[in-house]
Amino acid sequence: MRTMMASMKTALFVFLQWVLQYAVCRDVTLPIGTLYRVAGFPLSLPCAVSGYEGPRTQHFEWFLYRDDAAGRQIGVVSTRDKGFPYAPFQPRVRNGEVRVERDSGDKVRLVIQRLRAEDQGMYECYTPSTDSTYQGNYSGKVTVKVIPDTLQISYTRSLTSQPVPEGAELTLTCSAGIQSEQLTHLSITFGKRSGGEGMGSGVGGEVSTVREIISIDKLLGVVPGHLYKKRYDSGEITLEKRNGEAGQDVYVMKMKAVQPDDSGSYFCEAAQWILDPDRSWQKIAQRTLDIGNLTVQQLAESLSITSSPRGEVTLQVGSPLILTCEVLGLPSEVSSGLLVQWMKRGSVSSDVTGSGGVEVEVARLSPNGIVSWGDDLSRASGGSLEKVAEGKYSLKLFSARPLDSGVYRCVVSVYAGRSNPGPSTPATITQRSEGVTVNLKSKDVLVAAVAQLPRGPLLKRGSTITLICNATVTTTGPAQAQVQWLRWPIPERVIKKDESRASDVAVIVSPVEDKPTLVAVLMYDGVAKTYTNGSEISIDRLSAGSYRLRVHSATMDDQGMYACHAQAWGQDPHGGWYNTGAKAESNAVTVYLYARAADLLLIPLVVGVSSALFVGIVIIATVTCCFMKRLARQRAQK
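First, a word on scope: everything that follows refers to the structure included in this document. (Residues numbered from 1 in each chain as written. Predicted model: local features only at pLDDT ≥ 70, side-chain atom pairs only at ≥ 80, totals over all residues. Heavy atoms only, no water.)

**Quick word on the overall build of the chain**
Phase 1: The helix and strand inventory of the chain stands at 4 helices and 43 strands.
Phase 2: Looking at the chain residue by residue over its 638 residues, the buried ones come to 37%.
Phase 3: Here the analysis covers contacts within the chain between residues at least 6 apart in sequence; of these, 62% occur between residues at least 24 apart.
Phase 4: A total of about 36,000 Å² of accessible surface is found on the chain, and carbon and sulfur atoms cover 53% of it. (Helix = DSSP H or I, 4+ residues; strand = E, 2+ residues; numbered from the N terminus. Buried < 20%, exposed > 50% of the residue type's maximum accessible area, 1.4 Å probe, protein only. Contact = heavy atoms within 4.5 Å. Areas by Shrake-Rupley, 256 points an atom, 1.4 Å probe, with all protein chains shown as cover.)

**Brief notes about the state of the cysteines**
Phase 1: Enumeration according to the criterion identifies 4 disulfides in this entry.
Phase 2: One disulfide in the model links Cys-47 with Cys-125; its S-S distance is 2.0 Å. Sign of the S-S torsion, about -90 degrees for the bond between Cys-47 and Cys-125, identifies this disulfide as left-handed. Taken as a pair, Cys-47 in strand S3 (residues 43-50) and Cys-125 in strand S8 (residues 121-126) lie far apart in primary sequence, 78 residues in all. Taken individually, Cys-47 and Cys-125 each receive the classification buried, so the pair is uniform in this respect.
Phase 3: The disulfide that involves Cys-325 links it to Cys-410, with 2.0 Å between the sulfurs. Given an S-S torsion of about -75 degrees, the disulfide between Cys-325 and Cys-410 has left-handed geometry. In this pair, Cys-325 is assigned in strand S23 (residues 321-328) and Cys-410 in strand S29 (residues 406-415), connecting sequence segments 85 residues apart. For the residue pair Cys-325 and Cys-410, the accessibility class agrees, reading buried in each case. (Disulfide = S-S within 2.5 Å.)

**Examining the pattern of salt bridges**
Phase 1: A full pass over the atoms with the stated rule returns 24 salt bridges.
Phase 2: Across the pair Arg-26 and Asp-131 runs a salt bridge whose closest N-O atoms are separated by 3.1 Å. Within this pair, whereas Arg-26 is found in the loop between helix H1 (2-23) and strand S1 (27-29), its partner Asp-131 is found in the loop between S8 and strand S9 (139-147), the two being separated by 105 residues in sequence.
Phase 3: Judged by relative accessible area, Arg-26 falls into the buried class, the value being 1%.
Phase 4: A relative accessible area of 14% means that Asp-131 is categorised as buried.
Phase 5: A salt bridge links Asp-249 to Lys-241, with the nearest nitrogen and oxygen atoms 3.4 Å apart.
Phase 6: Residue classification places Asp-249 among the partly exposed residues on the basis of a relative accessible area of 21%.
Phase 7: Exposure remark for Lys-241: the relative accessible area of 48% places this residue in the partly exposed category. (Salt bridge = Lys/Arg side-chain N within 4 Å of Asp/Glu carboxyl O.)

**Section: a nonpolar patch on the surface**
Phase 1: A contiguous nonpolar patch, built from Leu-458, Tyr-592 and Tyr-594 and spanning about 350 Å² of accessible area, is present on the exposed surface.
Phase 2: Mapped onto the elements, Leu-458 comes out in the loop between strand S32 (446-452) and strand S33 (465-474).
Phase 3: Classification of Leu-458 as exposed rests on a relative accessible area of 53%. (Patch = residues over 30% accessible without salt bridge, like charges linked within 9 Å, V, L, I, M, F, W, Y side chains within 5 Å.)

**Quick notes on the sheet that holds strand S16 (residues 237-242)**
Strand pairs in the sheet, formed through backbone hydrogen bonds, run parallel or antiparallel to each other.
Phase 1: Taken in spatial order, the 4 strands make up an open sheet running S10-S12-S17-S16, and their pairing is antiparallel. Edge positions in the sheet fall to strand S10 (152-154) and S16, since each of these pairs with one other strand and no more. On average, each strand axis in the sheet is tilted by 20 degrees relative to the strand beside it, whichever way the strands run.
Phase 2: Taken together, the 6 bridges between S16 and strand S17 (residues 249-255) define a ladder with antiparallel strand orientation. (Pairing = 2+ DSSP bridges. Axes fitted to C-alpha atoms, helices over the stretch in contact; angles between N-to-C directions.)

**Focus: the sheet that holds S1**
Phase 1: An order of S1-S3-S7-S6 is seen for the 4 strands of this open sheet, with the pairing classed as antiparallel. Edge positions in the sheet fall to S1 and strand S6 (98-104), since each has one partner strand and no second. If you compare each strand with its neighbour and ignore which way they point, the axes differ by 20 degrees on average.
Phase 2: Sheet topology note: the S1/S3 ladder contains 3 bridges and is antiparallel. Bridge assignment links Thr-29 to a residue of S3, and that residue is Ala-48.

In short, shape yes, function no, at least from these values alone.
Set out below in structure tokens:
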């Protein structure tokens, strides 16, 4: 038994040794060749070793077999021996032009900063053994072909140092081409540096920021930079390729409207790409050409909005009101759309005047020339807003009303470089003029209103409620009263304990909702409007100053406290009617609805029927009870 166990352990040990022997197999990998690279540009060859024994940090040695060296080996560089390079590479290794860069302990890359024609040949990456037994692959080889540099790039016009106004169009042109026997692609990139003069730090340690604006990539697709994608999608930035001369194509980038953030140093970059045998794209040549500096002058530094007349204007009611808005400081070389608005802070309702209140829009002129008016649509036929000269816009109200008093301001939104902006296009800048205070002298107007409930039979449910409003307007010139009827709920009367008097007192409690209900309106022009929850209501004019409200087939919901409000409307010299702002509120009259006779007869009928039913039930119960007792005695005697 012990002999068999010992044999099994020996066999297991031999098996594990065999597995470890063949499981650990050194392998050195390089890119698949042949690789084509351009003279004068960097060469980067990665080399990795795997399946090795020993330390994780492995050493690497690079050799070159030149095409004209009859297979002779030339030492290039080593990670463990500084004296390894042969004479052709010694000075280049010492100055760092040829070096080995480590990605990890077992992955490095041979870097030749500036490739020469004599660097063409087969490169071998060798890894000295750290294994207990010699097995596997200890080196790898790849062929590198050095092709001439044919990448050319130029521009036709550079940027000047003169400031460019915000919203101006920017056009940059770059020509580039390659003449190669290999199939290579060309990419073009327009970019901008800001914050410094070059790729490093700027003045005072300010770090330069490089932004790619737009490019045609190696697959010939147009790709905007991530910070410019929105402007590219909206068509504000474009890049197109045109046929050129002498083997060079022309690439034109356009910015339709430059912004302040577009200031900076612009460049054009051309890159040559090749598809390696492993199907990966490699950049083998690149040239960058500085086009010049761009300084964008902000519109806010020159734009100003003025309105006239300045200060304060006092007019008679019915006189024309003319206000002028002038836009100054717009660059003449930039085509910009303007949105012109006249805003007013002042009278916003029939009973509010002066310079307070909410600012509302009177009228606007859109960039495409369409005029629209604010809430007061009647002004569309009684006024105009138009462009009277370059940069000048006039607002005219043919017949001013008292409600037109207030503080007017001209608000201008500029769409720099966009003569016809879309509805979602943000304005480049919006500025407001100083306020113009407009005062209107109106005639003295006195208004009085009295509400009455004519005497008559008691009002009952189903009757017609009739109310009279006597409204008078005292003024010079034509005038009319506009009358509206309102209703409040009847206050509730509750009983409360008065502890100081040890008695109960009646207290009138106001309704929870103090806001009245609008019942009906008779407009100044005779048009009647009713507002009802199902009741039949009519309103008319009995005489010059007498207005009648009738509620037909009244219900209990129609009772309450009624009052009439009168507003005075005057007529201007042009025949237009306007609200003078004068008004009066009448006294309140209370309307109760009593029960009808039929309703009163119903009460004793209900009481009588109920009493009869009660008496009958008592009699039946008594008779039944006596009968059952008598029957019980008879059974007991038997």
